[in-house]
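Residue-level structural notes
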Amino acid sequence: MIVNRLDEAQLANEVDGLADLLIDTVDGGASIGFLAATDRAAAVAWWKERVGAVAAGHLAVWAAYDGRRAVGTVSLAFPDKPNSRHRAELVKLMVHRDARGQGLGRRLLGTAENAARSAGITLLHLDTETDSPAERLYGSAGWTRAGVIPDYAADPAGVLRPTTLYYKRLGTTAATR
């Protein structure tokens, strides 16, 4: 599988495929901010809204391809405040149901972590649904569980679920972004 960082133009060109991936991820039960039966137009619009953030340098997006379609993605969201340039949030790690169990989630996670290190980021953080399969990935990849917030977000079925916060220290160099 090929994993590419998408620039503004590439992301704009890939919104349809990434929307399909988002819908598959939600239909598979992942709590990534969308409810079941997410409308395709809404998924496309959501990805289109990310293009400006990529252009502004506030978001980095990677997509994995199986040769014909996007089967995975991960993003880093960078804060815009001067006192937080050393950190980033890992967001929207998605793997298509057909591509699961092949190490793609771990590869995408590693790609984002390495890119963060290269950008001078020394601290990453994320949240994920408590007791989800994603928790096993983050724990086994050296992320530290910071705590749980009850009733944080609705899962795809609309049921309020807790979220678990994680962080990972990447190093001690000053941020270069």
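Nothing here was measured: the structure is a model prediction, and the numbers come from that model. (Residues numbered from 1 in each chain as written. Predicted model: local features only at pLDDT ≥ 70, side-chain atom pairs only at ≥ 80, totals over all residues. Heavy atoms only, no water.)

Grouped together as the largest cluster of nonpolar side chains are 28 residues, with contacts concentrated most on Leu76, Leu90, Leu108, Ile121, Leu124, Tyr138 and Trp143. Listed by contribution, the elements that provide at least two residues to this core are β2 (59-65), β3 (70-77), β4 (87-95), α3 (104-118), β5 (123-129) and α4 (133-140). Per-element accounting of this core gives the leading share, 5 residues, to α3. Each residue touching Leu124, except ones within four places of it in the same chain, is listed here: Leu76, Ala88, Glu113, Ala116, Trp143, Tyr166, Tyr167, Lys168 and Leu170. One finds Leu22, Ile32, Trp47 and Ala70 within the second-largest nonpolar core, a separate group that totals 24 residues. (Core = buried A, V, L, I, M, F, W, Y, C linked by side-chain atoms within 4.5 Å. Buried < 20%, exposed > 50% of the residue type's maximum accessible area, 1.4 Å probe, protein only. Helix = DSSP H or I, 4+ residues; strand = E, 2+ residues; numbered from the N terminus. Contact = heavy atoms within 4.5 Å.)

Looking at the secondary structure, you find Asp24 in helix α1 (residues 8-27). Taking relative accessible area as the criterion, Asp24 reaches 9% and is therefore assigned buried. Filtering out sequence-adjacent residues up to four positions away, Asp24 remains in contact with His96 and Arg97.

This part covers helix α2 (residues 40-56). An ideal rise of 1.5 Å per residue puts 24 Å on 17 residues; α2 measures up with 26 Å between its terminal C-alpha atoms. Looking at α2, one finds that the buried residues are Ala43, Val44, Trp46, Trp47, Val51 and Val54. Close packing links the buried residues of α2 with β1 (2-6), α1, β2, β3 and β4. Where α2 starts, the residue carrying a side-chain oxygen 2.9 Å from the main-chain nitrogen of Ala41 turns out to be Asp39. (Expected span 1.5 Å × (residues − 1). Polar contact = N/O pair within 3.5 Å; in protein donor to acceptor, adjacent residues only side chain to side chain.)

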